[in-house]
Amino acid sequence: MKVAVLGSGIIGTATAWWLAQAGHEVVVVDRESGPAQETSRANGGQISVSYSEPWANPRMPLRLLKWLLSDNAPISFRPRMDMRQWAWGFAFLRECLPSRLAPNIRAMVALSEYSLATLKQMRAELGIEYHHLERGILNFYQDPAEFDLSQDAADLMRDFGVDRRVLTADEVIQIEPALAPARASIVGGDYTAE
Ligand SMILES: Cc1cc2nc3c(=O)[nH]c(=O)nc-3n(C[C@H](O)[C@H](O)[C@H](O)COP(=O)(O)OP(=O)(O)OC[C@H]3O[C@@H](n4cnc5c(N)ncnc54)[C@H](O)[C@@H]3O)c2cc1C
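What this report covers is the structure whose coordinates are included nearby.

What counts, and at which threshold
- Per chain, the residues get numbers from 1 upward, laid out in the order the sequence is written.
- The predicted origin of the model limits local features to residues at a pLDDT of at least 70 and limits the giving and counting of side-chain atom pairs to 80 or more, whereas totals for whole chains, interfaces and linings rest on all residues.
- Side-chain numbers come from the whole structure's heavy atoms, not from hydrogens or water.
- For helices, the fitted line uses only the C-alpha atoms of the stretch in contact; every axis is such a line through C-alpha atoms, and the angle between N-to-C directions lies from 0 to 180 degrees.
- To qualify as a helix, a DSSP run of H or I must reach at least 4 residues; to qualify as a strand, a run of E must reach at least 2; elements of each kind are numbered from the N terminus.
- Should an angle fall under 35 degrees it is taken as roughly parallel, and over 145 as roughly antiparallel, whereas 65 to 115 is taken as roughly perpendicular and any remaining angle as oblique.
- Take the far helix as your reference; a near helix turned counterclockwise from it by less than a right angle gives a left-handed crossing, and one turned clockwise gives a right-handed crossing.
- Contacts are assigned to residue pairs that have any heavy atoms within 4.5 Å of one another.
- Residue type decides the class: Asp, Glu, Lys and Arg count as charged, Ala, Val, Leu, Ile, Met, Phe, Trp, Tyr, Cys and Pro as nonpolar, and the leftover types, Gly among them, as polar.
- Definitions used for this entry: grid spacing 1 Å over protein atoms alone; cavity, a set of points where a 1.4 Å probe fits but cannot get out; pocket, an open set with protein on both sides within 12 Å along at least 5 of 7 lines; lining residue, one with an atom within 4 Å of a point.
- Grid points are joined across faces, edges and corners, and a volume is the space filled by probe spheres set on the points.
- The cutoff for a nearby residue is simple: one of its non-hydrogen atoms must lie within 4 Å of the molecule or strand.
- Any pair of nitrogen or oxygen atoms within 3.5 Å is treated as a polar contact; in protein, a donor-acceptor pairing is required on top of that, and neighbouring residues in sequence qualify only through side-chain atoms on both sides.
- Accessible areas in this description were obtained via Shrake-Rupley with a 1.4 Å probe; residue shielding takes into account the shown protein chains only.
- Between Lys or Arg on one side and Asp or Glu on the other, a salt bridge is scored when a side-chain nitrogen of the former is within 4 Å of a carboxyl oxygen of the latter.
- The span one expects for a helix is its residue count, reduced by one, times 1.5 Å.
- A 1.4 Å probe rolled over the protein chains alone gives each residue an accessible area, and that area as a share of the maximum for its type sets the label: buried under 20%, exposed over 50%, partly exposed in between.
- Any two strands are treated as partners once DSSP identifies two or more bridges connecting them.

Turning next to the packing of helix 4 (residues 98–126) against helix 5 (residues 144–159). Geometrically, a packed helix pair is captured by the angle between its two axes and the distance between the axes. Where helix 4 meets helix 5, the axes come as close as 10 Å, and the angle between the chain directions of the two elements is 55°. Viewed along their axes, helix 4 and helix 5 adopt a mutual orientation that is oblique. By crossing handedness, the relation of helix 4 to helix 5 is classed as right-handed. When helix 4 is examined against helix 5, the residues L101, A102, I105 and V109 are found in contact with a partner set consisting of A153, L156 and M157. Of the residues assigned to the contact of helix 4 with helix 5, the class counts are 7 nonpolar, no polar and no charged.

Before going further, it helps to examine the layout of surface pockets. Approximately 430 Å³ is the volume found for the second largest pocket. Taken together, 14 residues form the lining of the second largest pocket, with L64, F77, W88, G89 and F92 sitting closest to its centre. Looking at the lining of the second largest pocket, the elements that each hand over two or more residues are helix 2 (60–68) and helix 3 (83–95). For the lining of the second largest pocket, the element with the most residues is helix 3, which contributes 7 residues. Along the lines of polarity and charge, the residues of the lining of the second largest pocket split into 11 nonpolar, 3 polar and no charged.

Right, let's get into the site of the ligand. Near the ligand lie 15 residues; those nearest to it are D30, T39, S40, N43 and Q46. Interatomic distance of 3.1 Å between a backbone N/O atom of R31 and a nitrogen atom of the ligand. Contact distances for the ligand include 2.7 Å between an oxygen atom and a side-chain N or O atom of N43. Considered on its own, the ligand offers 1,000 Å² of accessible surface; in the complex 55% of this is hidden by protein. Across the shell around the ligand, the residue classes break down as 2 nonpolar, 9 polar and 4 charged.

Moving on, we come to the pattern of salt bridges. Overall, the coordinates contain 9 salt bridges when judged by the stated rule. The shortest N-O distance in the salt bridge between R59 and E53 comes to 3.1 Å. Note that R100 is salt-bridged to E95, the shortest N-O span being 2.9 Å.

Our focus in this paragraph is helix 1 (residues 10–21). Taking 1.5 Å of rise per residue, 12 residues should cover 16 Å, and helix 1 covers 16 Å from first to last C-alpha, within 8% of that figure. Two residues or fewer after helix 1 comes G23, characterised by a positive phi angle close to 100°.

Take the pairing of strand 5 (residues 188–192) next. Counting buried positions along strand 5 gives 5 out of 5 residues, so the element sits mostly inside the fold. Inspection of the sheet shows strand 3 (residues 137–141) paired to strand 5 by 5 bridges, in the antiparallel sense. Among the inter-strand pairings, F140 is bridged to a residue of strand 5, identified as G189.

So, on to the sheet that holds strand 5. With respect to topology, 3 strands assemble into an open sheet ordered 3-5-4, the strand pairing being antiparallel. What marks the edges here is a single partner per strand, and that holds for strand 3 and strand 4 (164–167). Here the average twist between neighbouring strands, direction ignored, is 20°. Contacts from helix 5 reach strand 3, strand 4 and strand 5, with the element oriented near 150° to strand 4.

Structure (structure tokens):
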């Protein structure tokens, strides 16, 4: 089959690769002059199965309200008279219901594990060399309330097979000694070997 893939970010190029592997004739189209010039160009580069906490979670509606009133928020929202935008917003809010947290985390953990496995396979097949590290992920917390809340999601991830360990502040420093000067403000952390 002849397939046109729109967008040459990580999703488009990976899709094109797997379609080509399956024997299809693929062309990738992009508005930019080269591949991966937009979101995929300069992200954090983390592939973290343990980080499968959905943005749509029970704490998010209140956070979003605070962010809407802040000049320094990590997201911006521009309401428009666009039915699709409002439908998306309501669907997002529905996924923030407490009953949706566990199924969404389960789905994200499964997807992340699959994604990690296919990345490793692709890396081996193509011999891609880059400065990748497999040191695990350390999250540390300075706000006791945030630390407690994050452990709800961590508990669920453990139920779904992710080895995410709760750490004391001293254990955080043992893993990352560079945090020692901030020791007094660290309340705890969690770590996952990945
Ligand atoms: C600051 C930041 C840090 C992040 N850190 C991480 C991280 O550590 N780990 C992680 O897993 N994810 C991270 N992400 C998320 C991740 O970068 C994105 O989920 C991912 O890059 C999205 O890839 P994409 O291919 O869907 O989109 P893009 O990379 O944006 O690709 C879309 C492509 O479509 C093209 N396009 C769009 N419209 C048209 C059109 N009309 N005609 C033709 N071409 C078009 C664009 O030019 C672009 O090349 C981060 C994101 C940000 C912003």
